[in-house]
Structure formats: structure tokens, C-alpha cells
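So you can see what is in the structure, the chains are spelled out below.
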Amino acid sequence: MRTIALALSFVTLAAPALAQGTNVSPAEGNWGCIALIDNTKAGLLTVFAGSYGYASANFGSAASGTGDAEMGSDGVRFLNGSLATIGIGYGLVTFDPAGGDVLTLYNPEKAVLVCKPR
């Protein structure tokens, strides 16, 4: 009887932790980005738990830095920081023809970077 009670208490304690894992944005993770204007390496993006960091491949770029992000079910919105300052407002996660994840970053006018998981 004690074994059953102990097992049920572990399940009860683990339930909130399991439920929290279902609200993860597909944009969370590490991404390698390519510039759409010339198909060159643009930089590395890390998105995690409401924040982001971007390291541009171009030395001294204003895009490099960190900021706050709002996680969504289909991507991420950059609230402030380096990417928001240069005009990149959001990113949407879609799939490439092979079924892999693609995070496309947009300024108000068009897509500017395409990122793939690293």
C-alpha cells in the first residue's frame, strides 16, 4: 500500500513539469542564418525562454547582441535588443522541402534571413 501511495505522489509531483514542456515555441534553439540578399552566412541565433542572442558573421555589425523575445506557437517576436533595433521584428517557423525546420526572419517589408537548426 505504501508503494502505491509513493508512486502516486511521484506522478502528482511530475505532472506540472510534464505539462510545462508542451508550451515550447518551435523557434527555441540554436540557428545558423543565411542572408537572402546574397546567400552568404549571416550569423548565429540562439532563442531560449523569452530571450535571444545573435552573433553576426560581419565584424562590428549592429545586429550582434541580445534582447527579449515573445515566444509563439509558430515562431518568435523580437521585442527589443539588437535585432529589433535594426528592424527585424519577428521570425516564423516553417518546413523546407525535406521536412526540416526553417526559421525565416522578417523586417516590416520582407524576409531577410533564413535560419536552420544547428
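As the structure is a prediction and not an experimental result, all values here were calculated from the model. (Residues numbered from 1 in each chain as written. Predicted model: local features only at pLDDT ≥ 70, side-chain atom pairs only at ≥ 80, totals over all residues. Heavy atoms only, no water.)

Participant: Just checking my understanding: could you explain the packing of aromatic side chains for this structure?
Facilitator: Here a ring pair, both rings aromatic, is described through the centre-centre distance and the interplanar angle of the planes. Per the counting criterion, the structure on display carries two aromatic pairs. Seen in terms of ring centroids, Tyr52 and Phe78 are 4.8 Å apart; in terms of plane orientation they differ by 75°. Their pairing is edge-to-face. On the criterion of sequence distance, the pair formed by Tyr52 in strand β3 (residues 51–56) and Phe78 in strand β5 (residues 75–78) is long-range, its members being 26 residues apart. Residue classification places Phe78 among the buried positions, given a relative accessible area of 5%. Considering the side-chain rings of Tyr90 and Tyr106, the 5.0 Å spacing of their centres and the 10° angle between planes classify their relative orientation as stacked. Here Tyr90, found in strand β6 (residues 90–95), pairs with Tyr106, found in strand β7 (residues 101–106); they are 16 residues apart in sequence, far enough to count as distant. (Phe/Tyr/Trp six-rings, centres within 6.5 Å; stacked < 30°, edge-to-face > 60°. Helix = DSSP H or I, 4+ residues; strand = E, 2+ residues; numbered from the N terminus. Buried < 20%, exposed > 50% of the residue type's maximum accessible area, 1.4 Å probe, protein only.)

Participant: Before we go on, may I ask you to explain the pattern of salt bridges in this structure?
Facilitator: Two side chains carrying opposite charge are able to pair once their charged atoms lie near each other. The tally for this structure, following the rule as stated, stands at two salt bridges. For Glu70, the salt bridge identified is with Arg77, shortest N-O distance 2.4 Å. For Asp96, the salt bridge identified is with Lys116, shortest N-O distance 3.6 Å. With Asp96 in the loop between β6 and β7 and Lys116 in strand β8 (residues 111–117), this pair connects stretches of sequence that are 20 residues apart. Judged by its relative accessible area of 19%, Asp96 is buried. We classify Lys116 as partly exposed; its relative accessible area is 41%. (Salt bridge = Lys/Arg side-chain N within 4 Å of Asp/Glu carboxyl O.)

Participant: Can you help me understand the sheet that holds strand β2 (residues 41–48) in this one?
Facilitator: By way of backbone hydrogen bonds, the strands of a sheet pair with one another, either parallel or antiparallel. What the eight strands build is a closed barrel, ordered β1-β2-β3-β4-β5-β6-β7-β8; its pairing is antiparallel. Going from strand to strand, the sheet's axes swing by 30° on average, the running direction of each strand aside. Note: β5 against β6, three bridges, orientation antiparallel. Its bridge partner being in β6, Arg77 is matched across the sheet by Tyr90. (Pairing = 2+ DSSP bridges. Axes fitted to C-alpha atoms, helices over the stretch in contact; angles between N-to-C directions.)

Participant: For this particular structure, what's the right way to read the environment of Ser64?
Facilitator: The topology assignment puts Ser64 in the loop between β3 and β4 (65–71). What makes Ser64 partly exposed here is its relative accessible area of 34%. Each C-alpha atom of the pair Ser64 and Gly81 lies 9.2 Å from the other, and the pair is 17 residues apart in sequence. Setting aside residues up to four positions removed in sequence, Ser64 forms contacts with Tyr54, Ala55, Ser56 and Ser82. (Contact = heavy atoms within 4.5 Å.)

Participant: Please explain the environment of Asp101 as it appears in this structure.
Facilitator: You can see Asp101 is positioned in strand β7. On the basis of relative accessibility, which here comes to 32%, the residue Asp101 falls in the partly exposed class. In this structure the C-alpha to C-alpha distance between Asp101 and Pro117, which are 16 residues apart in sequence, comes to 7.0 Å. Those residues in contact with Asp101 that sit more than four places away from it in its chain are Trp31, Val93, Thr94, Phe95, Cys115, Lys116 and Pro117.

Participant: Just checking my understanding: could you explain the nonpolar core for this structure?
Facilitator: One broad rule of soluble globular proteins: the nonpolar side chains tend to lie buried together. Leu45 and Leu113 are the most contacted members of the largest nonpolar core, which totals 20 residues. Broken down by secondary-structure element, the contributors of at least two residues to this core are β1 (29–35), β2, β3, β5, β7 and β8. Leave out the neighbours within four places in its chain, and Leu113 touches Cys33, Ile34, Ala35, Leu36, Ala42, Tyr54, Ile88, Leu103, Thr104 and Leu105. (Core = buried A, V, L, I, M, F, W, Y, C linked by side-chain atoms within 4.5 Å.)

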